[in-house]
Amino acid sequence: MADTTVYAVINNLAGALGSPRGPYYVGDRGVVFGIDSALDLVVVLTTDGGATWDATPDAVEAGSVTKFNCWFDQETVGLTGDLVHFVIMDDAANSIRYANYDISAGAWSSVVEIQGTVAVTANAGDNVCHITRARSGRLEAGYAVDAVASGAEESTDVGATWTAIANPYEASARDRMQGLYCNTGADADAANLFHDASA
C-alpha cells in the first residue's frame, strides 16, 4: 500500500509542539490536527475515510501557537459527541485558550480565553498542557510554563466559561501531565497521568 500524504507543512518541531494529533473519525469524516510552519493550529480533513485529505487546512489560532493538546468526545466512555476540545498555549498573547472543532460540521468554535496572565514562552519545550472531558461533560484543562507558572481550570458549559480548580502540577520544570477518562462512580470526575520530572 502506498503512503498517503495528509499534510506536508507540519512544523519540523512537531514533537516538541505537541503535534500532530489524531486521526479522529465520525463515519468517513476524519481529522488530523497540527501546528504548521507558520505556528498556526490547523485541521486537515478527510471525507472518504482517509483515502484523500484536504490540501487547504483550516486554522483556528494563527502565528503563535507553541503547544496544544486535545480530547475527542468519544475518548470518554458514554459520550457520543463529535467535538474535539483544545487547550492552546499562545506565546504572543501570553494566553491559555480553548476552542473546539465539530467533525460533523467541519467547523471551529470561537476561541475563548481560559487564562490571560501566563507568560507563555516561545520555546516549545518549556510549555506543557492537557485537557480531558468527564462523563458528565465537564472539561478540565491545565498548563505549566517551565517552573514559572502553572494552573488548572474547569468548564461545565462546553468551554464558554472557565473557573480555577486545584492545581495538579508541581512547581518543577518540565513536569508532564495527560488528562484521562476514568470511571470512579462519579460522572464529573476526570484523571491525570502525571510524570514527575523532579522525582
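What you see is a predicted model, and the numbers here were worked out from it, not measured in a lab.

Rules behind the numbers
- Residues numbered from 1 in each chain as written.
- Predicted model: local features only at pLDDT ≥ 70, side-chain atom pairs only at ≥ 80, totals over all residues.
- Heavy atoms only, no water.
- Helix = DSSP H or I, 4+ residues; strand = E, 2+ residues; numbered from the N terminus.
- Buried < 20%, exposed > 50% of the residue type's maximum accessible area, 1.4 Å probe, protein only.
- Contact = heavy atoms within 4.5 Å.
- Areas by Shrake-Rupley, 256 points an atom, 1.4 Å probe, with all protein chains shown as cover.
- Polar contact = N/O pair within 3.5 Å; in protein donor to acceptor, adjacent residues only side chain to side chain.
- Pairing = 2+ DSSP bridges.
- Axes fitted to C-alpha atoms, helices over the stretch in contact; angles between N-to-C directions.
- Phe/Tyr/Trp six-rings, centres within 6.5 Å; stacked < 30°, edge-to-face > 60°.

1. Observations concerning the overall build of the protein
At step 1: Scanning the protein for helices and strands turns up 1 helix and 15 strands.
At step 2: When burial is assessed residue by residue, the protein has 44% of its 199 residues classed as buried.
At step 3: A sequence separation of at least 24 residues applies to 48% of the contacts in the protein between residues at least 6 apart.
At step 4: Surface summary for the protein: the accessible area is close to 8,700 Å², and the carbon and sulfur share equals 50%.

2. What to know about the side chain of D90
At step 1: Position of D90 among the secondary structure elements: in strand β6 (residues 83-90).
At step 2: Side-chain polar atoms of D90 contact the backbone nitrogen of A92, separated by 2.9 Å.
At step 3: A distance of 3.5 Å separates the side chain of D90 from the side chain of R97, its partner in a polar contact.
At step 4: Beyond its immediate sequence surroundings of up to four residues, D90 is in contact with E61, S64, S95, R97 and V120.

3. Digging into the sheet that holds strand β11 (residues 139-145)
At step 1: Pairing within the open sheet is antiparallel, and its 4 strands lie in the order β10-β11-β12-β13. Of all strands in the sheet, those bounded by a partner on one side alone are β10 (127-133) and β13 (163-164).
At step 2: When β10 meets β11, the two strands line up antiparallel, connected through 7 bridges. Opposite T132, over in β11, you have E140 as the bridge partner.

4. Describing the sheet that holds strand β2 (residues 29-35)
At step 1: Strand order in the open sheet formed by 4 strands is β1-β2-β3-β4, with antiparallel pairing between adjacent strands. The open sheet has two edge strands, β1 (21-26) and β4 (58-61), and neither has a second partner. On average, each strand axis in the sheet is tilted by 25° relative to the strand beside it, whichever way the strands run.
At step 2: Where β1 lies against β2, 4 bridges are found, and the strand directions are antiparallel. Across the sheet, residue Y24 finds its bridge partner in β2, namely V31.

5. Some details on the pairing of β10
At step 1: For β10, the tally of buried residues reaches 7 of 7 residues, placing the bulk of the element in the interior.
At step 2: Residues N127, C129, I131 and R133 point to one face of β10 and V128, H130 and T132 to the other, with burial holding for every one of them.
At step 3: Once β10 ends, the chain turns through 5 residues before running back antiparallel as β11, passing G137 with a positive phi of about 100°.

6. What to know about the packing of aromatic side chains
At step 1: The final tally for this structure, using the stated rule, is 9 aromatic pairs.
At step 2: Ring geometry for F33 versus F86: centroids 4.6 Å apart, planes at 70°, classification edge-to-face. Taken as a pair, F33 in strand β2 and F86 in strand β6 lie far apart in primary sequence, 53 residues in all.
At step 3: Note on F33: relative accessible area 0%, which makes it buried.

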